[in-house]
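Remarks on the overall topology
Residue strings, one per chain:
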Amino acid sequence: MMPNGILLAQDHFTGVSKMIACLSLQRISSALRKRVGESGIMFGAGKTRELLTDERAAMEAYKREFIEFMVQSDVLKFGDFTLKSGRKSPFFMNAGAYVTGEQLHRLGLYYAQAINDNFGLDFDVVFGPAYKGIPLAVVTAMALQELYGKEVKYCCNRKEVKDHGEGGVFVGYVPKAGEDVVIVEDVITAGTAIRESMAILRHLEGVKVAATFIMVDRKERGKGEKLAMEEVEEEFGFPVYSVVDVYDIIAYLEENPANDENVARIKNYLAVNGAKA
């Protein structure tokens with residue numbers, strides 16, 4: 001049992017090397033599908049099912065490993081929490097609990113991999129909103145260089161505008177006209193934090209926010225009845241991606257009956273705060 005009361009499944013992954021192996025399997029699967037499409041090769045139904053099964057297995061292993069990483073880092077917690085949106089939640093993700101060099105390095109690799117696989121590398125700046133987004137931006141920029149040789153600049157904001165020295169609201173690089181920015185956040189609940197980031201970034205003339213990446217999509221409704229992620233995408237015109245979502249966490253917890261109470265509380269919470277069909 002972990003310190004936060006979450007019971008791990010027995011067959012779990014540990015270490016950066018195994019994570020890289022799992023991510024490599026995903027890249028191989030994606031590359032294989034691309035080559036098959038380009039070559040026009042047709043597989044029989046059995047072979048196609050086998051390839052799809054392997055791909056799904058790689059993705060499930062990737063999600064499982066990330067959830068266990070959150071558990072082992074004491075980031076994923078259960079209890080009673082008040083969120084930034086004001087909602088009372090039975091679970092919480094505290095990205096500030098990633099505190100060791102190994103944890104931060106590994107987290108950056110996850111974000112970099114998610115960005116590469118879902119969006120690509122055609123952007124210039126990683127922006128992390130204060131405060132928890134600041135280390136996310138730094139480790140993601142480092143991991144992008146480590147994994148792909150991609151040099152991006154990091155940027156974050158101050159909570160209070162500085163009136164001395166260089167002044168201003170930004171720390172690190174200040175994006176310039178014609179540059180594309182990717183926002184890195186920890187979670188999306190009602191979309192409040194992303195809207196706050198956009199209130200800062202929209203003042204930069206000619207700068208485009210191209211995408212947002214988060215650790216966990218809580219699959220909650222936003223200001224209306226739609227998912228918060230959908231509302232943000234429609235409002236600002238860029239995609240929002242997550243490494244895992246709350247239903248991945250539920251599926252993981254359901255593997256061990258000792259987690260039944262937490263599962264029930266999360267499902268009850270989503271029945272009230274989730275998007276309406």
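Procedures and definitions
- Within every chain, residues take consecutive numbers counted from 1 along the sequence as written.
- Selection of residues for local features in this predicted model requires a pLDDT of at least 70, selection of side-chain atom pairs for listing and counting requires 80 or more, and totals for whole chains, interfaces and linings are taken over all residues.
- The side-chain quantities take in all heavy atoms of the structure and omit both hydrogens and water.
- Salt bridges, as used here, are contacts in which a Lys or Arg side-chain nitrogen is within 4 Å of a carboxyl oxygen on Asp or Glu.
- Secondary structure elements are defined from DSSP: runs of H or I of at least 4 residues count as helices, runs of E of at least 2 residues count as strands, and each element is numbered from the N terminus.
- For the exposure calls, accessible area comes from a 1.4 Å probe over protein chains only, and a residue counts as buried if that area is under 20% of its type's maximum, exposed if over 50%, partly exposed in between.
- Should DSSP find at least two bridges between two strands, the strands are taken to pair.
- Here the term right-handed applies to a crossover when the path leading from its first strand over the helix to its second strand runs clockwise, the strands being oriented away from the viewer.
- The pairing test for Phe, Tyr and Trp rings, Trp by its six-membered ring, is centres within 6.5 Å, and the orientation test on the planes gives stacked under 30 degrees, edge-to-face over 60, and tilted for anything in between.
- Throughout this description, the term charge over a ring refers to an Arg CZ or Lys NZ atom that lies within 6 Å of the ring centre and within 35 degrees of the ring normal.
- In this text, buried Ala, Val, Leu, Ile, Met, Phe, Trp, Tyr and Cys residues form a nonpolar core when linked through side-chain atoms within 4.5 Å.
- In what follows, residue pairs with any heavy atoms lying within 4.5 Å of each other are defined as contacts.

A look at the pattern of salt bridges
Side chains that differ in charge, positive against negative, can pair when their charged atoms come close. Per the counting criterion, the structure on display carries 14 salt bridges. Measuring nitrogen to oxygen at the nearest pair gives 2.5 Å for the salt bridge that ties Glu255 to Arg64. Remark: Arg64 occurs in helix H2 (residues 45-72) and Glu255 occurs in the loop between helix H7 (246-253) and helix H8 (260-273); sequence separation between them is 191 residues. Given the relative accessible area of 44%, Glu255 is considered partly exposed. Between Asp74 and Lys77 there is a salt bridge, with the nearest N and O atoms lying 3.0 Å from each other. With a relative accessible area of 26%, Asp74 lands in the partly exposed category. With relative accessibility at 21%, the residue Lys77 sits in the partly exposed group. Each of Arg64, Glu68 and Glu255 takes part in one network of salt bridges that share partners.

Details of the pairing of strand E8 (residues 208-217)
When you tally the buried positions in E8, you get nine out of 10 residues, the bulk of the element. Pairing of strand E6 (residues 180-184) with E8 involves five bridges; the strand directions are parallel. Within E8, the residue paired with Val182 across the bridge is Ala211. Pairing geometry for strand E7 (residues 187-188) and E8, over two bridges, is parallel. Within the sheet, the bridge partner assigned to Ile188 lies in E8 and is Asp217. Inspection of the sheet shows E8 paired to strand E9 (residues 240-245) by five bridges, in the parallel sense. Of the residues in E9, the one forming a bridge with Phe213 is Tyr241. Note that the unit made of E8, helix H6 (residues 228-236) and E9 has a crossover that is right-handed.

Some remarks on the packing of aromatic side chains
For the structure on display, the rule yields 10 aromatic pairs. The lysine or arginine in question, Lys153, covers the ring of Tyr173, its NZ or CZ lying 5.0 Å from the ring centre. In this structure, Arg218 packs its charged tip against the face of Phe91, placed 4.0 Å from the ring centre.

Regarding the nonpolar core
Phe66, Met70, Met93, Tyr98 and Met215 are the most contacted members of the largest nonpolar core, which has 48 residues in total. With seven residues, helix H3 (residues 101-118) is the largest single contributor of residues to this core. Each residue touching Met93, except ones within four places of it in the same chain, is listed here: Met70, Val75, Leu76, Asp186, Val187, Met215, Val216 and Arg218. Of all hydrophobic cores here, the second largest spans 21 residues; its members include Val181, Ile183, Val209 and Val240.

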